[in-house]
Amino acid sequence: MTIFAKIINREIPADIVYEDDQCLAFKDISPQAPMHVLLIPKQAIAKLTDTNEEHKHLLGHMMVKAGEIAKQQGHDEFRVVINNGAGVGQSVFHLHLHLLAGRGFQWPPG
Ligand code: 5GP
């Protein structure tokens, strides 16, 4: 079980900012920007590349919620990041969207 599954199950605490039947959003424990929220599905999916056509509704739902959560946190401008694989920085193998805002960001990303 990943640390995020434990957060879903309330086995470890988190600063939860949004929850519904399909997903959960909470503040990152090591924020990289003034707003750094993690949005995760409740379903245990390790990586974006583990999804398929059956996950279309869930993934679309999460994208809509990403925008709503960022706005609710006071940010019209924000960045969404998914790290897919250890080689690009994924450290928790439960799919998550990073929602980042409140400072300047470089492009291309580092
Ligand atoms: P990744 O590197 O997999 O894309 O992102 C994992 C994120 O989870 C990191 O930004 C890290 O700070 C965050 N994180 C790891 N453990 C915990 C935890 O126990 N609680 C919270 N709120 N965030 C965590």
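Let me begin by describing the structure that accompanies this report. (Residues numbered from 1 in each chain as written. Predicted model: local features only at pLDDT ≥ 70, side-chain atom pairs only at ≥ 80, totals over all residues. Heavy atoms only, no water.)

### Focus: the site of the ligand
Next, step 1: What surrounds the ligand is a group of 16 residues, the closest being Asp28, Gly89, Ser91, His96 and His98.
Next, step 2: The backbone of glycine 89 places a nitrogen or oxygen atom 2.7 Å from an oxygen atom of the ligand.
Next, step 3: Here an oxygen atom of the ligand sits 2.8 Å away from a polar atom, N or O, in the side chain of histidine 96.
Next, step 4: Relative to its unbound accessible surface of 520 Å², the ligand loses 83% to contact with the protein.
Next, step 5: In this structure the site holding the ligand corresponds to the largest pocket.
Next, step 6: Elements supplying a minimum of two residues to the shell around the ligand: helix 1 (3–8) and strand 2 (23–27).
Next, step 7: The element that contributes the greatest number of residues to the shell around the ligand is helix 1, accounting for 3 residues.
Next, step 8: Split into classes, the residues belonging to the shell around the ligand amount to 7 nonpolar, 7 polar and 2 charged. (Near = heavy atom within 4 Å. Polar contact = N/O pair within 3.5 Å; in protein donor to acceptor, adjacent residues only side chain to side chain. Areas by Shrake-Rupley, 256 points an atom, 1.4 Å probe, with all protein chains shown as cover. 1 Å grid on protein atoms, 1.4 Å probe; cavity = no way out; pocket = protein on both sides within 12 Å on 5 of 7 lines; lining within 4 Å. Sits in = over half its atoms within 2 Å of the grid points. Helix = DSSP H or I, 4+ residues; strand = E, 2+ residues; numbered from the N terminus. Nonpolar A, V, L, I, M, F, W, Y, C, P; charged D, E, K, R; others polar.)

### Some points on the packing of aromatic side chains
The description of two aromatic rings rests on the distance between their centres and on the angle between their planes.
Next, step 1: Applying the stated criterion across every chain yields a total of 1 aromatic pair.
Next, step 2: For the ring pair phenylalanine 4 and phenylalanine 26, a centre distance of 5.4 Å and an interplane angle of 75 degrees mean the geometry is edge-to-face. A residue pair is termed long-range when its members are at least 10 positions apart, and phenylalanine 4 in helix 1 and phenylalanine 26 in strand 2 qualify at 22 residues. Pair check on accessibility: phenylalanine 4 and phenylalanine 26 agree, each one buried. (Phe/Tyr/Trp six-rings, centres within 6.5 Å; stacked < 30°, edge-to-face > 60°. Buried < 20%, exposed > 50% of the residue type's maximum accessible area, 1.4 Å probe, protein only.)

### Some points on the nonpolar core
Next, step 1: Membership of the largest hydrophobic core comes to 16 residues, with the highest contact counts inside it found for Val37, Leu39, Ile69 and Leu99.
Next, step 2: Looking at this core, the elements with two or more residues in it are strand 2, strand 3 (35–41), helix 2 (56–72) and strand 5 (97–101).
Next, step 3: Once you skip the residues sitting within four places of it in the chain, leucine 99 turns out to touch Met35, His36, Val37, Ala66, Ile69, Arg79 and Val80.
Next, step 4: Judged by nonpolar contacts, the second largest core, of 8 residues, contains Ile8, Phe26, Ile40 and Val92. (Core = buried A, V, L, I, M, F, W, Y, C linked by side-chain atoms within 4.5 Å. Contact = heavy atoms within 4.5 Å.)

### Examining the pattern of salt bridges
Next, step 1: Applying the stated rule across the entire model yields 5 salt bridges.
Next, step 2: Measuring nitrogen to oxygen at the nearest pair gives 2.8 Å for the salt bridge that ties lysine 65 to glutamate 68. Of the two residues, lysine 65 and glutamate 68 both sit in helix 2, 3 residues apart, roughly one turn of that helix.
Next, step 3: Given a relative accessible area of 14%, lysine 65 falls into the buried group.
Next, step 4: With a relative accessible area of 41%, glutamate 68 lands in the partly exposed category.
Next, step 5: When salt bridges with common partners are traced through the structure, they connect Arg10, Glu19 and Lys42 into a single cluster. (Salt bridge = Lys/Arg side-chain N within 4 Å of Asp/Glu carboxyl O.)

In short, the description is geometric, and any link to function would need to be established separately.
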